[in-house]
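Structural features, examined
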Amino acid sequence: DLIFDKKVPLPGHANSMSFSAFDKDERLLVKRVYYSVGGGFVVTDTELDQMRADKKKASSGERIPFPFATAKQMLEMAERSGLSIAQMKRANEETRMSSEELDAGLDRIWAAMNSCIDRGLKVEGIMPGGLKVRRRARAIHDKLQEEWRSNRINPLLANDWLSVYAMAVNEENAAGGRVVTAPTNGAAGVIPATIRYYQHFHEDWDQDGIRNYLLTAAAVGGIIKHNASISGAEVGCQGEVGSAAAMAAAGLAAVMGATPEQIENAAEIALEHHLGMTCDPVAGLVQVPCIERNALGAVKAVTAASLAIKGDGQHFVPLDACIETMRQTGYDMSEKYKETSTGGLAVNVVEC
Ligand code: SF4
């Protein structure tokens, strides 16, 4: 008794499902609507309203010392306080928990990300769902390790490692493994890949660096979520992998010693070059193009951080303008490019 009505989205959210129960005389007994709003959340219409009300309340910033809702405000507060973005975010979080609890939580997040990479690098085989897509991370990893051991020069070394780390996570996600929604499951590979890259290629990495990375990335992710969206169903993949890349670029720039302006610049570069990207997963499975897309998102994030840190933070397109552009572009995007698998690659690749 399911009716797949892909043409008429419900008003609350593009990803929706309505359930109705009837008695034997076809009288409606109960009706419930559920929305899949991204980030792994499925909510009723009442919960959706509540989430939006909470978002508004949080944005009024009554209880936190640095209630930045935009990148501009974030930079102004950093300038006035003399604190880094991570320090401001930490101060905000510590209104709800102790410093030890916050560090323990951040460490738990990284441990979950890290073990997801490790699992993804070990497993081979076909991913579930019917597309028969083969897991590739392990074989690529084996080759990279061999190359590393033999000291062969690989001009694309960093890109290859970033890609394999991201693919390991997204293959785990596609196979139903445990991932950290960062900011969503479909885009879960970008942030872990760039943190592992930081450990792999930056000799001065430490646990505090990872915490600062996560706090900075969370600050940028919060601004994007507040002013636009991180959901592929709302704004296409620019909101998922684009946001993940912006968060990762910001986090990485922070641990490379960037100023708040350079961090904002890094996030902007990464997001700008995902603008317009649609969500068109083949067969509705988060495999093609999603797995490779995370790899490329991670590569763009590192490039964005590196470009930003070579400048002085002054740049042409403010992050806020880029986020607003993403929102408007997502708003204008046809529903067929928003996680419905009715356009793009999803209709041009033969499933067999
Ligand atoms: S294509 Fe869609 S499902 Fe895949 S990662 Fe992007 S937003 Fe997520």
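Since this is a predicted model, take the numbers as computed values, not measurements.

Turning to the pattern of salt bridges, a few remarks are in order. Counted under the stated rule, the structure contains 19 salt bridges. Of the charged contacts in the structure, one is a salt bridge between aspartate 118 and arginine 196, with a shortest N-O distance of 3.1 Å. Within this pair, whereas aspartate 118 is found in helix H4 (residues 99-122), its partner arginine 196 is found in helix H7 (residues 190-201), the two being separated by 78 residues in sequence. Taking the relative accessible area as the measure of exposure, aspartate 118 reaches 30% and is therefore partly exposed. Between glutamate 146 and arginine 152 there is a salt bridge, with its nearest N and O atoms 3.6 Å apart. Shared partners join several salt bridges into a network, and the residues in it are Arg90, Glu94, Asp103, Asp107, Asp208 and Arg211.

As a further point, take the side chain of glutamate 172. By the element assignment, glutamate 172 lies in helix H6 (residues 157-174). For glutamate 172, the side chain forms a polar contact with the side chain of arginine 135, separated by 2.7 Å. Leaving out residues up to four positions away in the same chain, glutamate 172 has contacts with Cys116, Arg119, Gly120, Val123, Arg135, Gly177, Arg178 and Val179.

All right, on to the site of the ligand then. Neighbouring the ligand are the residues Gly186, Cys237, Glu240, Cys279, Asp280, Cys290 and Arg293. Residue assignment for the shell around the ligand shows that the elements contributing at least two residues are helix H10 (237-255) and helix H12 (290-309). Taken together, the residues of the shell around the ligand break down into three nonpolar, one polar and three charged.

Quick look at the packing of aromatic side chains now. Within the structure shown, the criterion is met by five aromatic pairs. Put simply, the rings of Trp148, Trp161, Tyr165, Tyr197 and Phe201 touch in pairs and so form one group of aromatic residues.

The next thing to look at is the nonpolar core. The tendency in soluble globular proteins is for nonpolar side chains to be buried side by side. With 86 residues, the main nonpolar core has Ile191, Tyr213 and Leu214 as its most contacted residues. Per-element accounting of this core gives the leading share, twelve residues, to H10. Once you skip the residues sitting within four places of it in the chain, leucine 214 turns out to touch Leu106, Ile109, Trp110, Met113, Ile191 and Ile195. In this structure, Val33, Val37, Val43 and Leu48 belong to the second largest nonpolar core, which totals five residues.

Let us now look at unusual backbone geometry. For the peptide bond that leads from alanine 182 to proline 183, omega is 0°, which places it in the cis range. In this structure, proline 289 follows valine 288 across a cis peptide bond, with omega equal to 10°. One can find proline 289 in the loop between helix H11 (260-272) and H12. With a phi angle near 60°, lysine 132 is a residue other than glycine that sits in the positive phi range. Mapped onto the fold, lysine 132 is located in the loop between H4 and helix H5 (137-149). For glutamate 339, which is not a glycine, the phi torsion comes out positive at approximately 65°. With respect to the helices and strands, glutamate 339 occurs in the loop between helix H13 (319-332) and helix H14 (345-348).

The next thing to look at is the side chain of glutamate 147. As for its position among the elements, glutamate 147 is in helix H5. No salt bridge is formed by the buried glutamate 147. Its closest oppositely charged neighbour is arginine 152, at 4.6 Å. Look past the residues within four positions of glutamate 147 in its chain and what remains in contact with it is Arg152, Asn154 and Leu157.

This brings us to the environment of alanine 175. Among the secondary structure elements, alanine 175 is positioned in the loop between H6 and H7. For alanine 175, a relative accessible area of 35% translates into the label partly exposed. Those residues within four positions of alanine 175 in sequence are excluded, and the remaining contacts are Pro128 and Arg135.

Moving on, we get to the domain arrangement of the protein. Taken domain by domain, the protein comprises domain 1 (1-60) and domain 2 (67-348). Facing the eleven residues of domain 1 at the interface are eleven residues of domain 2. Summed over both sides, the interface of domain 1 with domain 2 buries roughly 980 Å², with 56% coming from carbon and sulfur. Run the count over domain 1 and domain 2 and you get zero salt bridges. If you look at where domain 1 meets domain 2, you find two residue pairs in polar contact (both at pLDDT 80 or more). Counting only elements with at least two residues in the side of domain 1 that touches domain 2, the list comes to strand S2 (28-38) and helix H1 (45-59). Examining the composition of the side of domain 1 that touches domain 2, we find that three residues originate from one element, H1, more than from any other. Of the residues in the side of domain 1 that touches domain 2, the class split is three nonpolar, five polar and three charged.

Looking now at the packing of H6 against H12. With their axes 8 Å apart at the nearest point, H6 and H12 run at an angle of 140° to one another. If you check the angle between H6 and H12, you find them oblique. Classified by chirality, the crossing of H12 by H6 is right-handed. On H12, the residues touching Asn159, Leu162, Ser163, Ala166, Met167, Asn170, Glu171 and Ala174 of H6 are Ile291, Asn294, Ala295, Ala298, Val299 and Val302. Looking at the contact of H6 with H12 residue by residue, the class counts come to nine nonpolar, four polar and one charged.

Definitions and limits used
Residues numbered from 1 in each chain as written. Predicted model: local features only at pLDDT ≥ 70, side-chain atom pairs only at ≥ 80, totals over all residues. Heavy atoms only, no water. Salt bridge = Lys/Arg side-chain N within 4 Å of Asp/Glu carboxyl O. Helix = DSSP H or I, 4+ residues; strand = E, 2+ residues; numbered from the N terminus. Buried < 20%, exposed > 50% of the residue type's maximum accessible area, 1.4 Å probe, protein only. Polar contact = N/O pair within 3.5 Å; in protein donor to acceptor, adjacent residues only side chain to side chain. Contact = heavy atoms within 4.5 Å. Near = heavy atom within 4 Å. Nonpolar A, V, L, I, M, F, W, Y, C, P; charged D, E, K, R; others polar. Phe/Tyr/Trp six-rings, centres within 6.5 Å; stacked < 30°, edge-to-face > 60°. Core = buried A, V, L, I, M, F, W, Y, C linked by side-chain atoms within 4.5 Å. Lys, Arg positive; Asp, Glu negative; His and termini not counted. Domains from an automatic or database assignment. Buried area = accessible area lost by both parts, 1.4 Å probe. Axes fitted to C-alpha atoms, helices over the stretch in contact; angles between N-to-C directions. Parallel < 35°, antiparallel > 145°, perpendicular 65-115°, else oblique. Left-handed = near helix turned anticlockwise from the far one by under 90°.

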